[in-house]
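Reading the structure
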Amino acid sequence: MDVDTRLLRYFIAVAEEGNLTHAAERLLVSQPALTKQIRQLENQLGVRLFTRSRAGMTLTEPGRALAERVPALLVDWDQVLRETKGAASREARVLRVGFLASAANEATQDIIAAFGRRRPGWRADMRQAAWSNPTAGLADGDVDVALLRLPFPDQETLRTAVLFTEPRWVALPAAHPLAARDLIPFRDLRDEPFVAAPPETGRWRDYWLAAGEREGHLVRIGAVTDQPDDWLSAIANGYGIALAPESAARFYARPGVTYRPVSGVSPSRVCVAWAPADDANPVVQDFVRCCLDNKPPRSAATT
């Protein structure tokens, strides 16, 4: 019998969380989809893996037996995949670099140029990811290294080095009553509808909704988007507002959308991230060094 490793990942997440909602957030999937996958695994194995109750999901005896073996199996399989994909990249002399939105802003081109000088004959293949994939493929081994924004789900399982911080601003419809202000306190925005990332993105979504800085005010969701163009359209059409890095005013300017500084929220942090298995990978570490050597000066990153 062949079992999809994805089903095993879903199983172990539910086993560790003991809760379908929390496991779904961790996996970046919907709760109904996760429930369906767990049932599919149980049907394939012909055993009941969990006892379901209002208190959560409790492992059965067969479930505990499987849970003891799955983590090591997945670690081994992940390592096999990384080594295989890494070998293909090395053979082609290509470093797969995942990124979200504007990557490392204006420093991106300097980083890529520095990598080319450090590794003649190599090419950095830049791969942009949707916001539903906050690690830009790094967690799945689809890229070798990534330029990301903290926080993101399960970031503790990866290595990260912060390159710079920049303020969070707000993107508003141009006709919004607050659009004429020079500086907007976040307390004046808390009750506005927000354009949000998909709920499966967990910590990523919560951060860009400033969920921890609302002082008890509930989030109102006006629209859910996964791509920059859709995000901009939702704001321009008046479906909601959104927090964004200050650099979005430069990289994502468009008619109908106005960006303004916000007080009362923490800044955004841009990092380079890689898998612990690549701590000794000379090509990945060369790219990390290029990121650290070419990060923008503090004044340029925060003004």
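Residues numbered from 1 in each chain as written. Predicted model: local features only at pLDDT ≥ 70, side-chain atom pairs only at ≥ 80, totals over all residues. Heavy atoms only, no water.

Side note on the pairing of strand β3 (residues 94-100)
The buried count for β3 comes to seven of seven residues, which makes it a mostly enclosed element. Alternating positions in β3 separate into two faces, Val94, Arg96, Gly98 and Leu100 on one and Leu95, Val97 and Phe99 on the other, with burial throughout. In the sheet, β3 pairs with strand β4 (residues 123-129) via seven bridges, with the strands oriented parallel. Each residue of the ladder has a partner; that of valine 97, found in β4, is methionine 126. As for the winding sense of the linkage, the β-α-β connection from β3 through helix α5 (residues 107-118) to β4 is right-handed. With three bridges joining them, β3 and strand β5 (residues 145-150) adopt parallel strand pairing. Looking at the pairing, glycine 98 lines up with alanine 146 of β5. (Buried < 20%, exposed > 50% of the residue type's maximum accessible area, 1.4 Å probe, protein only. Helix = DSSP H or I, 4+ residues; strand = E, 2+ residues; numbered from the N terminus. Pairing = 2+ DSSP bridges. Right-handed = clockwise from strand over helix to strand, strands pointing away.)

Points about the sheet that holds strand β6 (residues 159-166)
In space, the five strands of this open sheet follow the order β4-β3-β5-β13-β6, with mixed pairing throughout. Because the sheet does not close on itself, it has two edges, and the strands there are β4 and β6. On average, adjacent strands in this sheet sit at an angle of 25° to one another, irrespective of strand direction. Running at roughly 160° to strand β13 (residues 268-274), helix α9 (residues 282-293) makes contact with β3, β5, β6 and β13 of the sheet. (Axes fitted to C-alpha atoms, helices over the stretch in contact; angles between N-to-C directions. Contact = heavy atoms within 4.5 Å.)

A look at the pattern of salt bridges
Side chains that carry opposite charge are capable of pairing whenever their charged atoms lie near each other. What the rule picks out here adds up to 17 salt bridges. One salt bridge connects aspartate 125 with arginine 123, and the closest N-O pair in it is separated by 3.9 Å. Here arginine 127 makes a salt bridge to aspartate 125, at a shortest N to O gap of 3.0 Å. Given the relative accessible area of 36%, arginine 127 is considered partly exposed. (Salt bridge = Lys/Arg side-chain N within 4 Å of Asp/Glu carboxyl O.)

Brief notes about α5
Between its first and last C-alpha atoms α5 spans 16 Å; for twelve residues at 1.5 Å apiece the expected length is 16 Å, and the two agree. Residues of α5 that are buried: Ala107, Thr108, Ile111, Ala114 and Phe115. Projected down its long axis, α5 carries its buried residues within an arc of 130°, all on one side. When the buried face of α5 is taken as reference, the exposed residues oriented beyond 90 degrees from it are Gln109 and Arg117. (Expected span 1.5 Å × (residues − 1). Arc of directions from axis to C-beta.)

What to know about helix α2 (residues 20-27)
Of all the residues in α2, the buried ones are Leu20, Ala23 and Ala24. Each buried residue of α2 sits inside an arc of 100° when the element is viewed along its axis, so together they form one side. Where α2 is buried, its residues contact α1 (5-17), α3 (31-45) and β2 (56-59). Its side-chain oxygen at 2.8 Å from the backbone nitrogen of threonine 21, asparagine 19 defines the N-terminal cap of α2. In the stretch just after α2, leucine 28 is the one whose phi turns positive, near 65°. (Polar contact = N/O pair within 3.5 Å; in protein donor to acceptor, adjacent residues only side chain to side chain.)

Some words on the side chain of arginine 205
Mapping arginine 205 onto the fold places it in helix α6 (residues 203-208). For the buried arginine 205, no salt bridge exists, and the shortest N-O distance to an oppositely charged side chain is 5.1 Å, to aspartate 206. Dropping the residues within four chain positions of it, arginine 205 is found in contact with Ala196, Ala197, Pro198, Pro199, Ile221 and Val224. (Lys, Arg positive; Asp, Glu negative; His and termini not counted.)

Brief notes about the packing of α1 against α2
Where α1 contacts α2, the axes come no closer than 8 Å and their chain directions differ by 130°. Considered as vectors, α1 and α2 are oriented oblique to each other. Relative to α2, the crossing made by α1 is right-handed. On α2, the residues touching Arg9, Tyr10, Ala13, Val14, Glu16 and Glu17 of α1 are Leu20, His22, Ala23, Arg26 and Leu27. Here the residues of the contact of α1 with α2 are counted per class, giving six nonpolar, one polar and four charged. (Parallel < 35°, antiparallel > 145°, perpendicular 65-115°, else oblique. Left-handed = near helix turned anticlockwise from the far one by under 90°. Nonpolar A, V, L, I, M, F, W, Y, C, P; charged D, E, K, R; others polar.)

By themselves, these figures tell us nothing about what the structure is for.
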